[in-house]
Amino acid sequence: MSVIDDWTPWQRIVVFCSRQLVRIPTLGRVRVEGLDELAANLDITSGPLIVVANHASNLDPPLVAGWLAPVLRRRSSVLAKEGLFRGPVAGMLRATGCIPVKVGGSDMEAVRATRAVIDRGDVLLIFPEGTRSRDGVIGPVHSGTAMLASRPGVRVLPVGVSGTDRLLGKAQRFPRLGTRVTLRFGEPFVVVLDPTLPRRQALAAVSAEIMRRIGALVDQRQRGASTTFTDSIDAHDT
């Protein structure tokens, strides 16, 4: 298991910059809920942990990781779209723990990398939708998260991110200054595949449970009426 002393300089920069956002009210006003309760939960201090959150902005990964890392005091990895790993940015992404994933179809290298994180007992940050929502409403999810979450000994920590679609959404080139952003951290839980169901249906049920818990943590406007599922590993279009 990796601890805070193992963080790379880039990881320390991400954590520092993410937490500074709350001190810049003209850029974004960040409210964090549930973090104090989470800090007292011993279930997250060791063993494999998958952090799952909704995805509506490029700001989501650094915000979630930046605010959560000092509480976990453990190094985390995050899945990111393979197309982002180009030029100097590739080195920075790898240094901050990002794992490249091909968009669409199977990516066995990414599967092996994510399983390695879990097998080491480390933290993996996943956005189950696999891409940013254009309107902030939770969209279709992939079954890859459920497959990883159902491995033995894994705990899942749901996080709801509200308002980043308005601060810096998928179609925006510049941030909307002064936007309120809320991060809500839920209770860690363990998922179990229903042995009475075919595997595909059991994974869909786990995915639905994960997204239900995330949906309960976001603002009402972002919850959506229903959730659909696909079968590829979750490649994040960050």
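Note that residues are indexed from 1 along each chain, following the sequence as it is written. In keeping with the predicted nature of the model, local features appear solely for residues at pLDDT of at least 70, side-chain atom pairs appear and are counted solely at 80 or more, and the whole-chain, interface and lining totals rest on all residues. Remark: hydrogens and water are excluded; side-chain values derive from all non-hydrogen atoms of the structure.

Trainee: Can you break down the overall build of the chain residue by residue, with the values?
Mentor: Of the regular secondary structure elements, the chain holds eight helices and nine strands. Buried means the residue's accessible area, taken with a 1.4 Å probe over protein chains only, is under 20% of the maximum for its type, while exposed means over 50%, and partly exposed covers the values in between. Residues counted as buried form 49% of the 238 residues belonging to the chain. When checking whether two residues touch, look at their non-hydrogen atoms; a contact exists if any pair is within 4.5 Å. In the chain, the proportion of contacts linking residues at least 24 apart, taken out of those at least 6 apart, comes to 77%. Here the chain displays about 11,200 Å² of accessible surface, and carbon together with sulfur accounts for 55% of that area. Secondary structure is summarised from DSSP: a helix means a run of H or I of at least four residues, a strand means a run of E of at least two, and numbering begins at the N terminus for each. Surface accessibility in these figures is a Shrake-Rupley result with a 1.4 Å probe; residues are shielded only by whichever protein chains are displayed.

Trainee: Help me get a handle on the packing of aromatic side chains, residues and values and all.
Mentor: The geometry of an aromatic ring pair is captured by two quantities: the separation of the ring centres and the angle between the planes. For this analysis, a ring pair means two rings from Phe, Tyr or Trp (six-membered ring only for Trp) whose centres lie within 6.5 Å, classed as stacked if their planes differ by under 30 degrees, edge-to-face if by over 60, and tilted for the remaining angles. Under the definition given, this model contains zero aromatic pairs. Directly above the ring of F189 sits R213, whose terminal nitrogen or CZ lies 3.9 Å from the centroid. Counting as a charge over the ring demands two things of the Lys NZ or Arg CZ atom: a distance within 6 Å of the ring centre and an angle within 35 degrees of the ring normal.

Trainee: Kindly report on the side chain of S162, identifying the contributing residues and their values.
Mentor: Looking at the element boundaries, S162 is found in strand 7 (residues 155-162). Any pair of nitrogen or oxygen atoms within 3.5 Å is treated as a polar contact; in protein, a donor-acceptor pairing is required on top of that, and neighbouring residues in sequence qualify only through side-chain atoms on both sides. Among the polar contacts listed, one links the side chain of S162 to the backbone nitrogen of D219, at a separation of 2.9 Å. Apart from residues lying up to four places away in sequence, S162 is in contact with R180, V181, T182, R184, L217, V218, D219 and Q222.

Trainee: Account for the confidence of the model for the chain, naming residues and giving values.
Mentor: Here pLDDT means the predictor's own confidence in every residue, given as a number from 0 to 100. Summarising the model, the chain shows a mean pLDDT of 81, and 80% of its residues fall at 70 or more. Predicted confidence for residues 229-238 stays below pLDDT 50, and this span has 52 contacts to residues more than four positions away or in other chains.

Trainee: Got a sec to walk through empty space enclosed by the protein? Specific residues and values, please.
Mentor: If a probe the size of a water molecule is rolled over the atoms, the empty space left behind becomes visible. A cavity here means a set of points on a 1 Å grid, drawn over the protein atoms and nothing else, where a 1.4 Å probe fits but cannot get out; a pocket is an open set with protein on both sides within 12 Å along at least five of seven lines, and a residue lines either one if it has an atom within 4 Å of a point. Grid points are joined across faces, edges and corners, and a volume is the space filled by probe spheres set on the points. A full pass over the atoms with the stated rule returns one cavity of 30 Å³ or more. The space that makes up the largest cavity amounts to roughly 60 Å³. Only helix 3 (60-72) and strand 5 (123-126) provide two or more residues apiece to the lining of the largest cavity. Considering each element in turn, the lining of the largest cavity owes the most residues, five residues, to helix 3. Taken together, the residues that form the lining of the largest cavity break down as eight nonpolar, one polar and one charged. Gly counts as polar in this scheme, as do all residues outside two lists: the nonpolar Ala, Val, Leu, Ile, Met, Phe, Trp, Tyr, Cys and Pro, and the charged Asp, Glu, Lys and Arg.

Trainee: Could you give an account of helix 8 (residues 199-215), with specific residues and numbers?
Mentor: In a helix, the anticipated span is given by 1.5 Å times the number of residues less one. With 17 residues, helix 8 should reach 24 Å at 1.5 Å per residue; the first-to-last C-alpha distance of 24 Å fits that figure. Three or more residues of helix 8 are buried, namely A202, L203, V206, S207, I210, M211, I214 and G215.

Trainee: Describe the pattern of salt bridges, and please don't skip the residues or the numbers.
Mentor: The rule for a salt bridge is simple: a side-chain nitrogen of Lys or Arg has to be within 4 Å of a carboxyl oxygen of Asp or Glu. This structure, assessed with the given rule, holds nine salt bridges. Between D219 and R184 there is a salt bridge, and its shortest N-O distance comes to 3.0 Å. Taken together, the positions of D219 in the loop between helix 8 and strand 9 (229-230) and R184 in strand 8 (residues 179-185) put the pair 35 residues apart, joining distant regions of the chain. Residue E209 pairs with R212 through a salt bridge whose shortest N-O separation is 3.0 Å. Of this pair, E209 and R212 both sit in helix 8, three residues apart, which is roughly one turn of that helix. The class for E209 is partly exposed, based on a relative accessible area of 25%. Via salt bridges that share partners, R31, E33, R184 and D219 belong to a single interconnected network.

Trainee: Give a detailed account of the nonpolar core, specifying residues and quantitative values.
Mentor: The biggest cluster of nonpolar side chains holds 29 residues, and the ones touching the most others in it are V51, L68, V159 and F185. Of all elements in the fold, only helix 2 (35-39), strand 2 (49-53), helix 3, strand 3 (76-81), helix 4 (87-95), strand 5, strand 7 and strand 8 reach the threshold of two or more residues within this core. Broken down by element, this core gets its largest block of residues, six residues, from helix 3. With near-sequence residues (within four places) excluded, F185 lies in contact with V32, E33, G34, L35, L38, V64, W67, L68, P158, V159 and L217. Put simply, buried Ala, Val, Leu, Ile, Met, Phe, Trp, Tyr and Cys residues joined by side-chain atoms within 4.5 Å make one nonpolar core.

Trainee: Got a sec to walk through the environment of L168? Specific residues and values, please.
Mentor: Looking at where L168 falls in the secondary structure, it is placed in helix 7 (residues 164-168). Put simply, L168 and L59 are 109 residues apart on the chain and 7.3 Å apart in space, counted from C-alpha to C-alpha. Residues contacting L168, with those up to four places away along its chain left out, are A56, S57, N58, L59, R173, F174 and P175.

Trainee: Provide a residue-level description of the pairing of strand 3, including the pertinent values.
Mentor: Both strand 3 and strand 5 contribute to a ladder of three bridges, which runs parallel. Across the sheet, the residue bridging to S77 is L124, located in strand 5. At least two DSSP bridges between two strands are required for those strands to pair. In terms of strand pairing, strand 3 meets strand 4 (residues 98-101) through four bridges, oriented parallel. Residue pairing for strand 4: L79 is matched across the bridge by I99.

Trainee: Go over the environment of A202, please, and point to the residues and values.
Mentor: Among the structural elements, A202 can be located in helix 8. Take A202: its relative accessible area is 2%, and that puts it in the buried class. Taking C-alpha positions, A202 is 9.9 Å from M147, a pair spaced 55 residues apart along the chain. Setting aside its immediate chain neighbours within four residues, A202 contacts L193, D194 and L197.

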